[in-house]
Amino acid sequence: MAQRKVPRCPIPVTAVEEIENMRSLACSRFNELCLMHLTFALELGSKELNMLLNERRGDLQAKKTSKPTTPFCRRKHQRRHSSKSVIFGAPLTQEGISQIFQLIQYLGRDHNIRELGLFRKSGHHTRQKELMILLDESVPVDLDSGQFSAHDCACVLKKFLGELSEPLLTENHYPIHCQIPALQKGDSSNGYAQSPKILVRQIKAVQLLFLLLPPENYRLLKDLLLLLQRVSEEQQDNKMDAENIGTMFAPHLLCPRRMTATELHKNAHNMTKAVAFMIRHASCLFDVPAELLRDIRAFWTRQEEEAAKLTAARSSAGSSNKYRSTGSERTTPTP
């Protein structure tokens, strides 16, 4: 009979390592815990949360064979038939992230984040095509040479995000992200802020949704949002506050690729508010909720206890078999 194996967690050093261990060794349970805490943060029942997720899955299945609708989806569709880019329009990979990180790092220079209209101005189209070709060659690009402007790099970054097969925040999570701004019923100008308790729930909900992302999406999203937060903090110089940047990035980060123009117009305000919220609070959105961390540690404690019981049971069974074997030898008659 095959012996049951109990997953055991290596001794972690940080909360991030605890999350990574849980994700790799007990992924299903990790997702269950995240979804459970998400229902608490949103004050939804598990059935209501599943309905939101399944509603989007149903929409995706229904539109699976439809023609591209949004401009972002059409551009990707055209690129698929016109080139064989290994980064732009291709699935998200660590190689692609490493190349795009060069843009994020360059745009994060102090003089660049203060550039007037960063992410709003269009830059030079020919230079952007040249930059895309260089990035596709999977080699380091000398962005400090002055060949490309900050606006060129910003536009290429947005183009990369817009040509992903699905938005960085994933289409399954789209309806939940759109629910988060509605948690705050205050009359503040940005739709948030009056209730600290509601703000804590909103932050926790976004933290959990981020933890449910694929690792590649999570890593790129973290680098990107921290950059956008720094850009918004220099709004006095660049005239780009969180709402302006949210307007620029909501279609690239959150908008489902096959959303119709009517749906896009109807939901644009909610998407912008959701992304602007992420930009304002980026520095804390990649922390692990304390309640989730506590449940993860409790899970591993139970696993250790179960492993100890199994070890004791096997040891006891082994001793019993040895005793029976010894007793049998003693009663065997001498020929």
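Residues numbered from 1 in each chain as written. Predicted model: local features only at pLDDT ≥ 70, side-chain atom pairs only at ≥ 80, totals over all residues. Heavy atoms only, no water.

Visitor: How would you explain unusual backbone geometry if you had to name every residue and give the values?
Guide: With a phi angle near 60°, Ser138 is a residue other than glycine that sits in the positive phi range. With respect to the element layout, Ser138 can be found in the loop between helix H7 (125–136) and helix H8 (150–162). Ser138 sits in the partly exposed class, given a relative accessible area of 28%. The residue Thr170 is not glycine, and still its phi comes out positive at about 70°. Summarising the element assignment, Thr170 is placed in the loop between H8 and helix H9 (174–179). Exposure remark for Thr170: the relative accessible area of 8% places this residue in the buried category. (Helix = DSSP H or I, 4+ residues; strand = E, 2+ residues; numbered from the N terminus. Buried < 20%, exposed > 50% of the residue type's maximum accessible area, 1.4 Å probe, protein only.)

Visitor: Please set out the state of the cysteines residue by residue, giving values where relevant.
Guide: One way to say it: the disulfide is the covalent bond shared by the sulfur atoms of two cysteines. Inspection of every chain in the model, using the stated rule, returns 0 disulfides. Here Cys27 is not disulfide-linked; the sulfur of Cys34 is the nearest cysteine sulfur, at 9.4 Å. With no disulfide of its own, Cys178 has Cys255 as its nearest cysteine by sulfur position, at a separation of 9.5 Å. Overall, the relative accessible area of 12% leaves Cys178 in the buried class. (Disulfide = S-S within 2.5 Å.)

Visitor: Which residues make up H7, and what values go with them?
Guide: Here H7 contains 12 residues, and its C-alpha end-to-end distance of 17 Å stays within 8% of the 16 Å for a straight helix at 1.5 Å per residue. Those residues of H7 that sit buried are Gln128, Leu131, Met132 and Leu135. With its buried residues spanning 100° around the axis, H7 presents them on a single face. Backbone geometry just after H7 places Ser138 at a positive phi near 60°. (Expected span 1.5 Å × (residues − 1). Arc of directions from axis to C-beta.)

Visitor: Describe H8, naming the residues involved and giving the relevant values.
Guide: Here H8 is 13 residues long and its end C-alpha atoms lie 18 Å apart, about the 18 Å a rise of 1.5 Å per residue gives. For H8, a buried count of 12 out of 13 residues is recorded, marking the element as mostly surrounded by other parts of the structure. What H8 keeps buried is the set Ala150, His151, Asp152, Cys153, Ala154, Cys155, Val156, Leu157, Lys158, Phe160, Leu161 and Gly162.

Visitor: Account for the environment of Pro256, with residues named and values stated.
Guide: Here Pro256 shows up in the loop between helix H13 (242–253) and helix H14 (261–280). Judged by its relative accessible area of 0%, Pro256 falls in the buried class. Along the backbone, Pro256 and Thr170 are 86 residues apart, and their C-alpha atoms lie at a distance of 7.9 Å.

Visitor: Pulling in residues and values, what's your account of the environment of Arg127?
Guide: As for its position among the elements, Arg127 is in helix H7. Considering only alpha carbons, one finds Arg127 and Phe148, 21 residues apart in sequence, at a separation of 6.6 Å. There is a polar contact of 2.6 Å between the side chain of Arg127 and the side chain of Asp152. (Polar contact = N/O pair within 3.5 Å; in protein donor to acceptor, adjacent residues only side chain to side chain.)

Visitor: Describe the packing of H8 against H13, listing the residues and the values that go with them.
Guide: The N-to-C vectors of H8 and H13 enclose an angle of 35°; their axes lie 8 Å apart at closest approach. Contact residues: H8 offers Lys158, Leu161 and Gly162, while H13 offers Met248, Phe249, His252 and Leu253. Split into classes, the residues belonging to the contact of H8 with H13 amount to 4 nonpolar, 2 polar and 1 charged. (Axes fitted to C-alpha atoms, helices over the stretch in contact; angles between N-to-C directions. Contact = heavy atoms within 4.5 Å. Nonpolar A, V, L, I, M, F, W, Y, C, P; charged D, E, K, R; others polar.)

Visitor: Before we move on, could you go through the packing of aromatic side chains and cite the residues and values that matter?
Guide: Counting across every chain of the model gives 5 aromatic pairs. Aromatic side chains Phe88 and Phe160 sit 6.0 Å apart centroid to centroid with 85° between the ring planes, which places their arrangement in the edge-to-face category. Residue Phe88 is located in the loop between helix H4 (71–82) and helix H5 (94–107), and its partner Phe160 is located in helix H8; the two are separated by 72 residues in the primary sequence. Residue class for Phe160 comes out buried when judged on its relative accessible area of 2%. (Phe/Tyr/Trp six-rings, centres within 6.5 Å; stacked < 30°, edge-to-face > 60°.)

Visitor: An account of the pattern of salt bridges is needed here, citing residue identities and associated values.
Guide: Evaluation of the coordinates by the stated rule reveals 11 salt bridges. Here Arg201 and Glu43 are joined by a salt bridge, their closest N and O atoms 3.6 Å apart. Of this pair, Arg201 sits in helix H10 (residues 196–211) while Glu43 sits in the loop between helix H2 (27–42) and helix H3 (46–62), placing them 158 residues apart in sequence. Take Arg201: its relative accessible area is 17%, and that puts it in the buried class. Using a relative accessible area of 58% as the deciding quantity, one classes Glu43 as exposed. Close ionic contact of Arg114 with Asp237 constitutes a salt bridge, the shortest N to O distance being 3.9 Å. One end of the pair, Arg114, is in the loop between helix H6 (110–113) and H7; the other, Asp237, is in helix H12 (residues 235–238), with 123 residues separating them in the sequence. A relative accessible area of 41% places Asp237 in the partly exposed class. Each of Arg114, Glu234 and Asp237 takes part in a single network of salt bridges with overlapping partners. (Salt bridge = Lys/Arg side-chain N within 4 Å of Asp/Glu carboxyl O.)

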